[in-house]
Amino acid sequence: MISGSSDIRNSGGRFQPDTTEERTGDFESTSTRLLHQSASTDWRPKASINWSPNHNKNHLNGPGEEETEEDGRKSFFSKETAKDNLVNLATESNSESDSTETGAGSSRRLLQQTPAAPPTQASDSFYLLEIKRGIKDNEGVLSSWNSSSLAANPRAYCSWLWVGCNTGDRVVSLDLSDHNLTGVISPEVGNLTMLVSLNLSSNHFGGSIPSSLGLCRHLEVLDLSRNDLSGQIPSSLGDLKNLTSLSLALNPLSGNIPPKLGKCKRLENFHLGYTNVSGTLPKELGNCISLLHLRIYANPHLTGEIPSSLGSLSNLRTLELFRNALTGSIPSSLGQCRSLKRIRLFENQLTNSIPTSFGRLGSLEYLALGNNQLTGRLQFDFGGLSNLTRLYIQNNQLSGEIPLSLGSCSRLAVIDLGGNQLEGEIPSFFGQLVNLDRLVLRKNELRGKLDFDLSALKNLRILDLEENRLGGKFPESIVNCSSLEELSLQGNEFVGNIPNNLDLLTNLKVLRLSGNNLTGAIPPSIGYSCRRLEYLELAQNELTDSVPSSLGNCSSLVMLDLSENSLSQGIPPELGRLKRLEYLSFSVNKLMTGNIPPTLGNCTSLKELALDTNQFTGSIPRELGSLMNLEGLYLFQNNLTGPIPDSVGNCTKLKYLLLGENKLNGSLPETLGRLKQLEKLHLQRNVFISGEVPWSALSNCSKLSQFVAMRNSLKGTIAIDLGAAFPSLTWLDFSRNHLSGPFPSSILNCTQLELLRLYWNNFTGELDVDLSKLPNLRTLHLSTNKFSGTLAKLNLRNATNLEYLDLSNNSLTGSIPDYSSSDTILPSMKILTFRSNHLSGEIPDWMWKLPKLQVLDLSRNNFSGALPSDWTRLVALTNSSITGTKKPDISDGNPLRTVTYEQTLVTLKNRPLDETYIFGYYTIIDLSNNSLVGVIPQGVEELQGLRALYLTGNNLNGEIPVSLVQMKNLGILDLSVNQLSGDITEFASRLEQRSPAMEYVNVSYNSLTGRVETTVFGMEYWLPNAGLCGRLLRPCSTAEAAGPGEYHDTADDGTSFLELVSIVAFEIGVSIGALLVGVSCLASRRLRTAWFYFPKKRYRQVWPNYIRNRQRPLPLRWEGRSETSSSPETLSLGGDYSRSPSPRS
């Protein structure tokens, strides 16, 4: 819903409640109305005051009933609105039929019963002057407090402003509230022993609360709220036996709540909100038997359980313990507090079920238990809660169905059960609760149709049922809820059309229908009648046709989201009239065409414009440069052409500029340097963006975190200090451009960098890359450049977060550095490829210890040495559940020909965009085309997660381990072009059992022997191995072993008798058939003519053209790049088989 906040907003010197449970203006309580009425009345004593029955009658004791939740941590202890923010609870009590005399009323009784004490005016005046001495009076409000007036009249202090005396000239009232006073509260205040009321609220007093206040034994009202008082609450306040009202709210107090306060038997109002007190709620508070209002809320360090002793407070009317860190169950003893009208325990960590005893609280009007961890079903009987008007139990873990007894609470105005696990259908009694103002059942597991009549809900303003499993047709009776302001049905399974008579809801401000299966057109009538509409969200449906131009009449629109539908045609230019529009999205409609209307430049309030993933054409309008408030411009994946307009630089608040995957051309405008708030600049896959990058101008974009310009035609060098220009840079992707020069070492100053992709450019020189300077780097892709030299300066020791390292297709030489002295090396590495370089030496042992490795590609180098004996150290590859995300395209016997390790840019649909890179690969080990020697060791079968193993083109010898077939996920095995030997009869037999899971096997060009009866793979994958025989190969001799389960009655040459008979019969049949066809042709004249006519005709057509073409020069034809050089994606992952002919070469 619109108001997700729970706060008190300070507006114009007056608090306006907007709590988690309720919105501004909803069912304002008596105390809140009186709060606003009293705001215009200056109730403070202005002149000499003797104690009278009317003195301090508007004294403020605590926050109003509707204003207890501050938005305001930012104005945590502000004093500007003190008078308007602390409500006189006595005033609230006077509005109730059974009001009890409190506060100043009790003071009056005490003073009338107390005999006049002997005059001690000299003492009280002295203490008042001592109190003034500790105060810094910024506004001169204490100017009347001076000793000179006492010289003429010793009793003059009773005439001082803000001081009240009794008939015995003793100070009984001191009210210095809301005077912008600073300083400290003097301990001398404790010597005003006849003090009955002390109000120092809404100032800036610091220091601690003086413990000497415990000497003021007649004190009844103590209000120190809204100051900067710190330290602990003095336990001496528990000695104030006559105390009826205590307010210490909105101070940075600390320490525990003194259990001694339980001695205050006459205490009626206790207010302790927005402090830093800690510890637990003292159970002794249950001894304060006169308590009417207990408000201890918004103390984040207050923990423990709610004391069950509070159940003995039989007079308690208000219990507010919200926004603490209370745990445990709600005590069932609270059901004994039959006078309770308000229970507010929301935003704690309370658990277990709601006590069934709550069903006996017949006076209860307000129940707020939201944002806890309550579980179980709503088991208590709502039938006894006839006075209940507001019910908030949102964001818990309640289950079961909505109880039918809730329907008997006919006075209910607000029901919020959202964010639970309620199930079943929505009961029809909701349609009979005629007083309903708000019904919120969002984010549950409710199902079924909403087919009961809602026409009686004339007062309903908010209906929020989003993110359930409701289905059926759109509930048309909703249009009779004439007061409806917010309708939210998104994230359900509603079908059918949006009703055309939805325009009857003329008060509608919010319409959210996203994430359903709605079809048909958007009713144009919405734009003609719903003129107050502010939020229109119809995304993720199946809406068709064009966007109604009448939406341009909804002048109050703030958000218009029509994304992820099947809308067609273009954007109506009339939308340019929406001056208040902040969010506009047509993304992922795919059928939307035409130009982007320049009139959108008139929507000067726009903060986000999302038109991505459509078919928009034309250029980017220059008028968009008028959107001075724009923060996000998403135009990627369209067919836009032309250059990036210079006017984009006028959008100085722009944070996200995503223009990738279009057909934009020209150079990057220098005006991009004006975008000092820019965080993400994506220009990928435009191809035609050319020229040099204006690095100098872009260096002004110091907040840039992602700069993606892959697959363009940019050129030049990176000649600036990238670390100084872009200290927040996390992505830098200029792959597949024409950049040149040495590796830009200033990149190493970008300490936040996570992804660096410069592959397929023309960078040269040695790789001097100390990755220890890039501790957050996850991807380094520098393949297909012209880097040379050794890897000696490539420091990988501290690259603990590196997951992807690709240096393939360069001219690197030498050996891979040995990091064996390091305890851990590349612990996060998933993809490591040095393919197609000139590296040599043995493969270092640390490469076989990478625990998360999924792809290792060292092919097409000159590595030597033997394979490792222990493969279990490749922990990730031993996991049989590991899978890839992209299936290779296996065609023409060339598996993985089109698979690369290149990452794919993915733009997610949610806003703000959270782009990420994903990998498209299988789990692979490719060591092909090197000079490895030795045998294939036992233990390779431990790599149960491996999908492809390439060892082709080496000098491996020995036998092929049969255990390779036991590798659960292995689908591709290439052992060709080696010196392997031995009998593979059992190996071949088990291969046939693995079919079709085994997609490709090649053992050609070895010295293998044995019988191969499988026909799954063609014979070219077994030849030339002179010692092999079988069905697809040469016939096996009698001396060669028969395969398992074969019939042993063979001829002398090893061929079975049945096979010989079949061959002879087939040859005889073919000969007889050919003879019959020949005889028929010769016997029939028509067949003879047809047989020779067509070849003769074709000869006459072709021969003259052949003679003419011999006289012409041969045409020249551009062949382009070869397949192996045109794209790193098309580079074969297998070997080139340069040693001997191969079917794959």
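About the criteria used
- Residues numbered from 1 in each chain as written.
- Predicted model: local features only at pLDDT ≥ 70, side-chain atom pairs only at ≥ 80, totals over all residues.
- Heavy atoms only, no water.
- Phe/Tyr/Trp six-rings, centres within 6.5 Å; stacked < 30°, edge-to-face > 60°.
- Helix = DSSP H or I, 4+ residues; strand = E, 2+ residues; numbered from the N terminus.
- Buried < 20%, exposed > 50% of the residue type's maximum accessible area, 1.4 Å probe, protein only.
- Lys NZ or Arg CZ within 6 Å of the ring centre and 35° of its normal.
- Contact = heavy atoms within 4.5 Å.
- Core = buried A, V, L, I, M, F, W, Y, C linked by side-chain atoms within 4.5 Å.
- pLDDT = per-residue confidence, 0-100.
- Disulfide = S-S within 2.5 Å.
- Pairing = 2+ DSSP bridges.

1. Re the packing of aromatic side chains
Then comes step 1: What the rule picks out here adds up to 18 aromatic pairs.
Then comes step 2: For the ring pair Y274 and Y297, a centre distance of 5.8 Å and an interplane angle of 85 degrees mean the geometry is edge-to-face. Of this pair, Y274 sits in the loop between β16 (269-271) and β17 (278-280) while Y297 is found in the loop between β18 (293-295) and β19 (301-303), placing the two residues 23 residues apart along the sequence. Note on accessibility: Y274 and Y297 belong to one class, buried.
Then comes step 3: Ring pairs connect the aromatic residues Y274, Y297, F322 and F346, which therefore count as one cluster.
Then comes step 4: We note R342 situated over the ring of Y366; from NZ or CZ to the ring centre the distance is 4.4 Å.
Then comes step 5: It is R736 that lies over the ring of W760; its NZ or CZ is 4.4 Å from the centre.

2. Regarding helix α10 (residues 985-994)
Then comes step 1: Looking only at α10, the buried set comprises T985, F987, A988, L991 and R994.
Then comes step 2: Looking at the packing, one finds that the buried side of α10 touches β69 (972-974), β70 (979-983), β71 (1000-1002) and β72 (1007-1012).

3. Some remarks on the nonpolar core
Then comes step 1: F270, L406, F430 and F707 are the most contacted members of the largest nonpolar core, which has 273 residues in total.
Then comes step 2: The greatest single-element share of this core, amounting to 4 residues, is contributed by helix α5 (residues 121-133).
Then comes step 3: Ignoring any residue separated from it by four or fewer positions in sequence, one finds F707 in contact with L681, L683, V693, W695, L698, L729, W731, L732, D733 and F734.
Then comes step 4: One finds Y297, A298, F346 and A413 within the second-largest nonpolar core, a separate group that totals 12 residues.

4. Here's the deal with the confidence of the model for the chain
Then comes step 1: Of all residues in the chain, 78% attain a pLDDT of 70 or more, and the chain-wide mean is 81.
Then comes step 2: In the model, residues 1-122 has pLDDT below 50 throughout and makes 314 contacts with residues more than four positions away in sequence or in other chains.
Then comes step 3: Across residues 1042-1058 the pLDDT falls below 50, and counting only partners more than four positions away or on other chains, this stretch makes 26 contacts in the model.

5. Quick notes on the state of the cysteines
Then comes step 1: Enumeration over the complete set of coordinates arrives at 2 disulfides.
Then comes step 2: At a sulfur-sulfur separation of 2.2 Å, the disulfide partner of C158 is C165. Between C158 and C165 the sulfur-sulfur dihedral comes to about -95 degrees; the bridge is accordingly left-handed.
Then comes step 3: Under the relative-accessibility criterion, C165 is labelled buried at 0%.
Then comes step 4: Across the disulfide from C1029 sits C1036; the S-S distance is 1.9 Å. On the sign convention where negative is left-handed, the bridge of C1029 and C1036, at about 100 degrees about the S-S bond, is right-handed.
Then comes step 5: Across the chain, the way the bonded cysteines pair up, counted in sequence order, is 1-2, 3-4.

6. With respect to the sheet that holds strand β11 (residues 204-206)
Then comes step 1: Pairing within the open sheet is mixed, and its 3 strands lie in the order β6-β9-β11. Across the chains shown, the open sheet's two edge strands, defined by having one partner strand only, are β6 (135-136) and β11.
Then comes step 2: Strand direction decides the pairing type here: strand β9 (residues 182-184) and β11, joined by 3 bridges, are parallel. Note that in β11 the partner of T182 across the bridge is H204.

7. Quick word on unusual backbone geometry
Then comes step 1: The residue after L1023, namely P1024, is reached through a cis peptide bond having omega -15 degrees.
Then comes step 2: Take P1024: it is sitting in the loop between β72 and β73 (1027-1030).
Then comes step 3: A positive phi angle, near 60 degrees, is found at N180, a position not held by glycine.
Then comes step 4: By the element assignment, N180 lies in the loop between β8 (171-175) and β9.

8. Quick notes on the pairing of strand β62 (residues 862-866)
Then comes step 1: Of the two faces of β62, the one lined by F863 and G865 is fully buried and the one lined by N862, S864 and A866 carries no buried residue.
Then comes step 2: Sheet topology places strand β60 (residues 838-842) next to β62; 3 bridges connect them, and they run parallel. By the bridge assignment for β62, E842 is matched with S864.
Then comes step 3: In this structure, β62 lies alongside strand β66 (residues 931-935), joined through 3 bridges in parallel fashion. Looking at the pairing, A866 lines up with V933 of β66.

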